[in-house]
Amino acid sequence: MSSTLYSKVVRRGKRFHALLCYDETVRALLETLEKGGEEVRLAQAIDPGRLPAHIAIIMDGNGRWARRRSLPRVAGHPAGMRPVRTAIETCGQLGIEALTLYAFSAENWKRPKAEVEMLWRLLRSYLRSELPDLIRQGVRLTVIGRLEALPGQVRADLAEALRKTSQNNGLQVNLAINYSGRAELVDAVKALVKDAQDAARRGKEIEIDEAAIADRLYTAGSPDPDLLIRTSGEMRVSNFLLWQIAYAELYVTDTLWPDFTRADLLRAILDYQKRDRRFGGLGAHAPRPVPTGLRDTLAEAGVVENIVEPALVESLSVPTQ
Ligand code: FPP
């Protein structure tokens, strides 16, 4: 995530002001938003220094969204594609490191065959139509879950998308497909036992600690989610990233997934930024100063929107001769 501080001198009227600014984080997002709208207000309130590194989303409520419109429940899934695009685009613009989307749980096989097949068709069509855009945005696609159980064509399309985005260094979009948190732990334990047996054959022992398990999860190498969002109001974690969400902040909204907008995502991030994350300890992690005030004046002056500390800005201002 990029949030380096830098200084910048701007002229306001007859005075020059030395500003301490965050870098381009948030600005990339602001530039794409319609001026004066709710999204701009929300984006401007975001503290670029306290963004979650990793957001995970349980995209729930597609069926109910369709039912409320007297449509067959499967009609909710294509409607759930727009918020997928918006979430990816917004997280990318904010410089967030990883976004994990729960697209198909291991339990979803229990659904009618026609619905499951529709979800595979939808995933394939998404990969075909969105891949150029994902590449343009610098997205690196990864997948977690027991992929061997997926239809061959789905696996082939996923493999191609993974290959074509593997060199990108923007947002990591991690699709959870045929994913189960418990199955992931079983797979990690199996891998650990195998590694321990291999080590024993060489007369060695391996350390069995938290890192040994984390290193054998599907998500090895990625930061744990800081923020877990669930749409459609259910207060459950539904077997999602059970190990990794140990200290995630939970955000549940009644909004159904197809209705989940950029503004909803920004609201979730703002709510997250209000939380005091103690990780079992007592003291809060010292937050970076919240950028407040002076935004209108600075917008007029064409300066980046996020100021570290207005008082500091004023104290640094120097009159021109
Ligand atoms: C839950 O809603 C949603 C799913 C099981 C599928 C999620 C899939 C998508 C949003 C589209 C595909 C995604 C990608 C990344 C290509 P539900 O059907 O359980 O809704 P309900 O609880 O109202 O019945």
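Values in this document were obtained by computation on a predicted structure and should not be read as measured data.

With that settled, consider the nonpolar core. Judged by nonpolar contacts, the single largest core of 52 residues is most densely connected at Ile55, Ile57, Ile88, Cys91, Leu99, Tyr102 and Leu227. If we ignore the near neighbours within four places in the chain, the residues touching Leu99 are Ile55, Ala87, Ile88, Cys91, Leu171, Val173 and Asn174.

The ligand sits among 20 residues. The nearest are Asn62, Gly63, Arg64, Gly80 and Tyr126. For the shell around the ligand, the secondary-structure elements that each account for two or more residues are α3 (62–68), α4 (76–79), α5 (81–94), β4 (98–105) and α6 (113–136).

Inspection of the secondary structure puts Val193 in helix α8 (residues 181–201). The exposed category is assigned to Val193, around which 11 C-beta atoms lie within 10 Å. Distance in space between the C-alpha atoms of Val193 and Ile206 is 9.8 Å, their sequence separation being 13 residues.

What follows deals with helix α10 (residues 262–274). Helix length check: α10, at 13 residues, gives a terminal C-alpha distance of 19 Å against a target of 18 Å (1.5 Å per residue), a fit within 8%. Here α10 has its buried residues at Arg262, Asp264, Leu265, Leu266, Ala268, Ile269 and Tyr272. Elements in contact with the buried residues of α10: α2 (38–45), α5, β7 (227–230) and β8 (249–252).

Our focus in this paragraph is the packing of α6 against helix α7 (residues 152–165). At their nearest, the axes of α6 and α7 sit 10 Å apart, and the two run at 15 degrees to each other. With respect to their mutual orientation, α6 and α7 come out roughly parallel. Handedness of the crossing formed by α6 with α7: left-handed. Between α6, through Trp120, Leu123, Arg124, Leu127, Leu131, Leu134 and Ile135, and α7, the contact on the second element is made entirely by Gln153, Val154, Asp157, Leu158, Ala161, Lys164 and Thr165. Across the contact of α6 with α7, the residue classes break down as 9 nonpolar, 2 polar and 3 charged.

Judged by pairing direction, the sheet is parallel, and its 6 strands sit side by side in the order β5-β6-β4-β3-β7-β8 without closing on themselves. On the outer flanks of this sheet lie β5 (140–144) and β8, each paired with one strand and no other. Across the sheet, the mean angle from the axis of one strand to that of its neighbour is 20 degrees, orientation sign disregarded. In terms of strand pairing, strand β3 (residues 54–58) meets β7 through 4 bridges, oriented parallel. If you follow Ile57 over to β7, its bridge partner there is Ile229. The strands touched by α5 are β3, β4 and β6 (172–179); relative to β4, the strand with the most contacts, the crossing angle is about 160 degrees.

Put simply, α2 and α10 touch, their axes get as near as 9 Å, and they point 25 degrees apart. Classified by the angle their axes make, α2 and α10 are roughly parallel. Handedness of the α2/α10 crossing: left-handed. Contact residues: Glu38, Glu39, Leu42, Ala43 and Ala45 in α2; Arg262, Ala263, Leu266, Arg267 and Leu270 in α10. Per-class residue counts for the contact of α2 with α10 are 6 nonpolar, no polar and 4 charged.

The subject of this paragraph is unusual backbone geometry. One can expect most non-glycine residues to show negative phi and most peptide bonds to be in trans. The backbone of Ser70 shows a phi angle near 55 degrees, a positive value even though the residue is not glycine. Within the secondary structure, Ser70 is located in the loop between α3 and α4. C-beta crowding within 10 Å serves as the criterion here: with 7 such atoms nearby, Ser70 is assigned to the exposed category. For Leu241, which is not a glycine, the phi torsion comes out positive at approximately 45 degrees.

The residue Ala43 is located in helix α2 in this model. Between the C-alpha atoms of Ala43 and Leu94, which are 51 residues apart in sequence, the distance is 9.4 Å. Other than its neighbours up to four places away in sequence, Ala43 contacts Val26, Leu29, Leu30, Leu33 and Leu266.

Moving on: the pairing of β6. Most of β6 is tucked away: 8 of the 8 residues are buried. Alignment of β4 against β6, held across 7 bridges, turns out to be parallel. When the bridges of β6 are listed, Ser105 appears paired with Tyr179. Sheet topology note: the β5/β6 ladder contains 5 bridges and is parallel. Residue pairing for β6: Thr142 is matched across the bridge by Asn174. As a crossover connection, the stretch from β5 through α7 into β6 is left-handed.

Calculation criteria
- Residues numbered from 1 in each chain as written.
- Predicted model: local features only at pLDDT ≥ 70, side-chain atom pairs only at ≥ 80, totals over all residues.
- Core = buried A, V, L, I, M, F, W, Y, C linked by C-beta atoms within 7 Å.
- Buried ≥ 20, exposed ≤ 12 C-beta atoms within 10 Å, placed from the backbone.
- Contact = placed C-beta atoms within 7 Å.
- Near = placed C-beta within 6 Å.
- Helix = DSSP H or I, 4+ residues; strand = E, 2+ residues; numbered from the N terminus.
- Expected span 1.5 Å × (residues − 1).
- Axes fitted to C-alpha atoms, helices over the stretch in contact; angles between N-to-C directions.
- Parallel < 35°, antiparallel > 145°, perpendicular 65-115°, else oblique.
- Left-handed = near helix turned anticlockwise from the far one by under 90°.
- Nonpolar A, V, L, I, M, F, W, Y, C, P; charged D, E, K, R; others polar.
- Pairing = 2+ DSSP bridges.
- Right-handed = clockwise from strand over helix to strand, strands pointing away.

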